[in-house]
Amino acid sequence: MQLPQFEYIRPKSLAEGLAALAEHGDKIAIMSGGSDLLLNMKFRLEGPAYLLSLNGLSELQQLEKLDDGSLRVGAACTLTHLAEHTIIKECYPALRAAIFVVGSRHVRNMGTIGGNICLETRCWYTNQSKIWRDTREGCFKTDAEQCHVIKSAPKCHALNSTDSGPILMALDASVVLASHTGERIVPMREFYQNDGVEHTVLKPGEVLTAVVLPPAKGRSVFRKLSQREGLDFATGTFAAAVIGSNEQPESVSLVLGSVAPEPRVMPQAEKILLEGGLTDEAIDAAADVARRALLEVTNLFTPTFYKKRLIKVLVKDALLELRDQRVRG
Amino acid sequence: MAKQLIALTVNGDPYEVAVSPHQTLLEVMRDSLNLTGTKRGCTAGSCGVCTVNGEQGEVILSCLALAVEWDGRSVTTVEGVEEGNELHPIQKSFLEHGAVQCGFCTPGLIMSAKALLDVNTSPSETDINEAMAGVICRCTGHIKVKKAIKEAASVLREREVNHGES
Ligand SMILES: Cc1cc2nc3c(=O)[nH]c(=O)nc-3n(C[C@H](O)[C@H](O)[C@H](O)COP(=O)(O)OP(=O)(O)OC[C@H]3O[C@@H](n4cnc5c(N)ncnc54)[C@H](O)[C@@H]3O)c2cc1C
Ligand code: FES
Ligand code: FES
């Protein structure tokens, strides 16, 4: 497969890049590592007239400890760089685990954290060559008003497979979105939307410039289940962060990934653990509620009933592991 | 779209080549520079046969890299692995262990193994799996590949020891 033609823009500064974005509106695409975007262009799912490369911008590749102890991670840091970074390894091991299972080392050397967070949603129909797609009717992502994943649905149910999204949400991270008019900070828990076509709150003209991780506190865990151990998108992921003791947790954050167009926060399950502590019964009940709370599940590559069962096991297993982790300050 | 002249070093040899923005590093190496050692497989990031090593020796998928982004940089391909007129220990070991069958994935496997052994000559089973997971071989079943890598690692370790003594 070859790429469609486009004009290549390599800004010398972020400001220059933001100006180019403002100028070209919806005709321009942002490329970081390109491991997702270039593929979608080869599939003819995207055909931008201009391509803005973030690769020369050292200002997006920094890791910086802020005064309040938070860690600011530049959006263009590669996944390998982060997975091997001492601060990430020591202070955010669950994030490290999530990054380390993305694709393969090859993909992680090219892919960036910003690109992973913004990863385009996927489904069995759109993520095929154009020739293959042309043998069937289109969908919301192409040229028709239907979803092949959930028939008769009024919107796109393509799956959000980002491996870093759920744990960043559980850790209460935020993202910095910049445009030529200024910056806004959006909590990761508010970054995604339940629509496969418009799956993030990013507006045209905006770039995700950094992720801000609050000071490491409490315990966290990340689990990914996929058909193959390497080089595979998840069948389901689960991220949890708990602050406080097993008996009396102060805060509990549970997020499921790869089940819908957005990672799913599970408030009812969180409440059960907050009130009951991390007992066998509460963990069991939380896992059950997590499963039942999933109404529509994107049945991509895995039947819905299987995915729901799997989620229960995934949640329970991960929470039992988290309970045994040493309690940190 | 306007072509751009880029300076690309492949296996130590400098090239100047005119590329369009939409051309991948793989296409430019194979079609413009006639360096066909690097294979064109899925062109979608999933098979790894297009693997080359970047400036730090790291593995890169050349089918998902834009050639324009490699202006002023250097890569190593399977054509640049031999040492003088001799095959590299990894290449020798692949031959000895029957880790090459149809050979299509071999350049990708060799470059991935090299990226690993360049920084770690005592890789664990997990290290090898992790380094090689990005390349898919349809013929060998990967068992012989792993044996070959372990054997090459021991040759390279010995070399380090000898080097250390001299
Ligand atoms: C074989 C293979 C296996 C893979 N396996 C996995 C996997 O297991 N898990 C997983 O999560 N991903 C996987 N991926 C997808 C992808 O490679 C990774 O998610 C990677 O981290 C994407 O980062 P990137 O920098 O290459 O993104 P890009 O391709 O550069 O960008 C991805 C999307 O985000 C947008 N974007 C990028 N950066 C910004 C920014 N700073 N601001 C605003 N928008 C931005 C782009 O416009 C594009 O739509 C896989 C890909 C391949 C080819
Ligand atoms: S050709 Fe590049 S990964 Fe298959
Ligand atoms: S030797 Fe045939 S694909 Fe690997």
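Here the structure is a predicted model, which means the values were calculated and not measured.

Considerations on the side chain of Thr 24 of chain B
Here is step 1 of the chain: Along the chain, the position of Thr 24 of chain B falls in the loop between strand 2 (13-19) and helix 1 (25-32).
Here is step 2 of the chain: Judged by relative accessible area, which is 1%, Thr 24 of chain B ranks as buried.
Here is step 3 of the chain: Every residue in contact with Thr 24 of chain B, bar those within four places of it in the chain, is listed here: Leu 3 and Lys 42 of chain A together with Ser 62, Cys 63, Ala 65, Leu 66 and Ala 67 of chain B.

Points about the packing of helix 11 (residues 280-293) of chain A against helix 12 (residues 304-324) of chain A
Residue and element names in this part refer to chain A.
Here is step 1 of the chain: Interaxial distance between helix 11 and helix 12 falls to 8 Å at its minimum, and their mutual angle equals 150 degrees. When you trace helix 11 past helix 12, the crossing you get is right-handed. Here helix 11 contributes Asp 280, Ile 283, Asp 284, Ala 287, Asp 288, Ala 290 and Arg 291 to the contact with helix 12, which in turn contributes Lys 308, Arg 309, Lys 312, Val 315, Lys 316, Leu 319, Leu 320 and Arg 323.
Here is step 2 of the chain: Among the residues making up the contact of helix 11 with helix 12, the classes are represented as six nonpolar, no polar and nine charged.

What to know about the interface of chain A and chain B
A common measure of how large an interface is: the accessible area buried when the components associate.
Here is step 1 of the chain: Residue-level contacts link 28 residues of chain A with 28 residues of chain B.
Here is step 2 of the chain: Summing both sides of the interface, chain A and chain B together bury roughly 2400 Å²; the carbon and sulfur share of this comes to 63%.
Here is step 3 of the chain: In terms of surface lost to chain B, no three residues of chain A exceed Tyr 8, His 106 and Met 110 of chain A, which account for 27% of the buried area on that side.
Here is step 4 of the chain: Here chain A and chain B share three salt bridges between them.
Here is step 5 of the chain: Here Glu 130 of chain B and Arg 108 of chain A are joined by a salt bridge, their closest N and O atoms 2.4 Å apart.

A look at the pattern of salt bridges
Here is step 1 of the chain: One pass over the full model with this rule turns up 25 salt bridges over all chains.
Here is step 2 of the chain: In this structure, Glu 125 of chain B engages Lys 150 of chain B in a salt bridge whose closest nitrogen and oxygen atoms are separated by 2.8 Å. Of the two residues, Glu 125 of chain B sits in helix 4 (residues 125-132) while Lys 150 of chain B sits in helix 5 (residues 143-165), which places them 25 residues apart along the sequence.
Here is step 3 of the chain: Owing to a relative accessible area of 39%, Glu 125 of chain B belongs among the partly exposed residues under this scheme.
Here is step 4 of the chain: Using a relative accessible area of 39% as the deciding quantity, one classes Lys 150 of chain B as partly exposed.
Here is step 5 of the chain: Members of the salt-bridge network, linked through shared partners, are Glu 84, Arg 105 and Arg 108 of chain A together with Glu 130 of chain B.

Focus on helix 1 of chain B
Residues and elements named next belong to chain B.
Here is step 1 of the chain: Most of helix 1 sits out of view: six of its eight residues are buried.
Here is step 2 of the chain: Taken together, the buried positions of helix 1 are Leu 25, Leu 26, Glu 27, Val 28, Met 29 and Arg 30.
Here is step 3 of the chain: Residues of helix 1 that are buried sit in contact with strand 1 (4-10), strand 2, strand 3 (51-53) and strand 5 (73-75).

Section: the domain arrangement of chain B
All names here are of chain B.
Here is step 1 of the chain: Under the domain assignment used here, chain B contains domain 1 (4-79) and domain 2 (89-165).
Here is step 2 of the chain: For domain 1 versus domain 2, the separation of C-alpha centres amounts to 22 Å.
Here is step 3 of the chain: Counting residues at the interface gives 16 residues for domain 1, matched by 13 residues for domain 2.
Here is step 4 of the chain: In total, about 1100 Å² of surface goes out of reach between domain 1 and domain 2, with carbon and sulfur atoms giving 65% of it.
Here is step 5 of the chain: Scanning the region where domain 1 abuts domain 2 turns up zero salt bridges.
Here is step 6 of the chain: At the surface where domain 1 touches domain 2, the tally comes to two residue pairs in polar contact (both at pLDDT 80 or more).
Here is step 7 of the chain: Per-element tally for the side of domain 1 that touches domain 2: the top contributor is strand 3, with three residues.

Some words on the site of ligand 1
Here is step 1 of the chain: Taken together, 35 residues form the shell around ligand 1, and within it Ile 30, Gly 33, Ser 35, Leu 37 and Thr 112 of chain A come nearest.
Here is step 2 of the chain: The site occupied by ligand 1 is bordered by residues of chains A and B.
Here is step 3 of the chain: Within the backbone of Gly 33 of chain A, a nitrogen or oxygen atom sits 2.7 Å from an oxygen atom of ligand 1.
Here is step 4 of the chain: Backbone polar atom of Asp 232 of chain A to an oxygen atom of ligand 1: 3.1 Å apart, as the coordinates give it.
Here is step 5 of the chain: Protein chains shield 95% of the accessible area of ligand 1, which is 970 Å² for the free molecule.
Here is step 6 of the chain: Sorting the residues of the shell around ligand 1 by element identifies strand 2 (28-31), helix 7 (113-118) and strand 8 (207-213) of chain A as the ones contributing at least two each.
Here is step 7 of the chain: Residue composition of the shell around ligand 1, by class: 17 nonpolar, 14 polar and four charged.

Digging into the packing of aromatic side chains
Residues and elements named next belong to chain A.
Here is step 1 of the chain: All told, the structure shown has four aromatic pairs over all chains when counted by the stated rule.
Here is step 2 of the chain: Ring centres of Trp 124 and Tyr 125 lie 6.4 Å apart, and the angle between their planes is 85 degrees; on these two criteria the pair is classed as edge-to-face.
Here is step 3 of the chain: Seen in terms of ring centroids, Trp 124 and Trp 132 are 6.3 Å apart; in terms of plane orientation they differ by 90 degrees. Their pairing is edge-to-face.
Here is step 4 of the chain: Overall, the relative accessible area of 26% leaves Trp 124 in the partly exposed class.
Here is step 5 of the chain: Ring-pair connections join several aromatic residues into one group, and the members of that group are Trp 124, Tyr 125 and Trp 132.
Here is step 6 of the chain: In this arrangement the basic side chain of Arg 108 is found over the ring face of Phe 100, its NZ or CZ atom lying 4.6 Å from the centre.
Here is step 7 of the chain: A cation over an aromatic ring shows up here: Arg 122 above the ring of Phe 233, its NZ or CZ 3.7 Å from the ring centre.

What counts and how
Residues numbered from 1 in each chain as written. Chains lettered and ligands numbered in written order. Predicted model: local features only at pLDDT ≥ 70, side-chain atom pairs only at ≥ 80, totals over all residues. Heavy atoms only, no water. Helix = DSSP H or I, 4+ residues; strand = E, 2+ residues; numbered from the N terminus. Buried < 20%, exposed > 50% of the residue type's maximum accessible area, 1.4 Å probe, protein only. Contact = heavy atoms within 4.5 Å. Axes fitted to C-alpha atoms, helices over the stretch in contact; angles between N-to-C directions. Left-handed = near helix turned anticlockwise from the far one by under 90°. Nonpolar A, V, L, I, M, F, W, Y, C, P; charged D, E, K, R; others polar. Buried area = accessible area lost by both parts, 1.4 Å probe. Salt bridge = Lys/Arg side-chain N within 4 Å of Asp/Glu carboxyl O. Domains from an automatic or database assignment. Polar contact = N/O pair within 3.5 Å; in protein donor to acceptor, adjacent residues only side chain to side chain. Near = heavy atom within 4 Å. Areas by Shrake-Rupley, 256 points an atom, 1.4 Å probe, with all protein chains shown as cover. Phe/Tyr/Trp six-rings, centres within 6.5 Å; stacked < 30°, edge-to-face > 60°. Lys NZ or Arg CZ within 6 Å of the ring centre and 35° of its normal.

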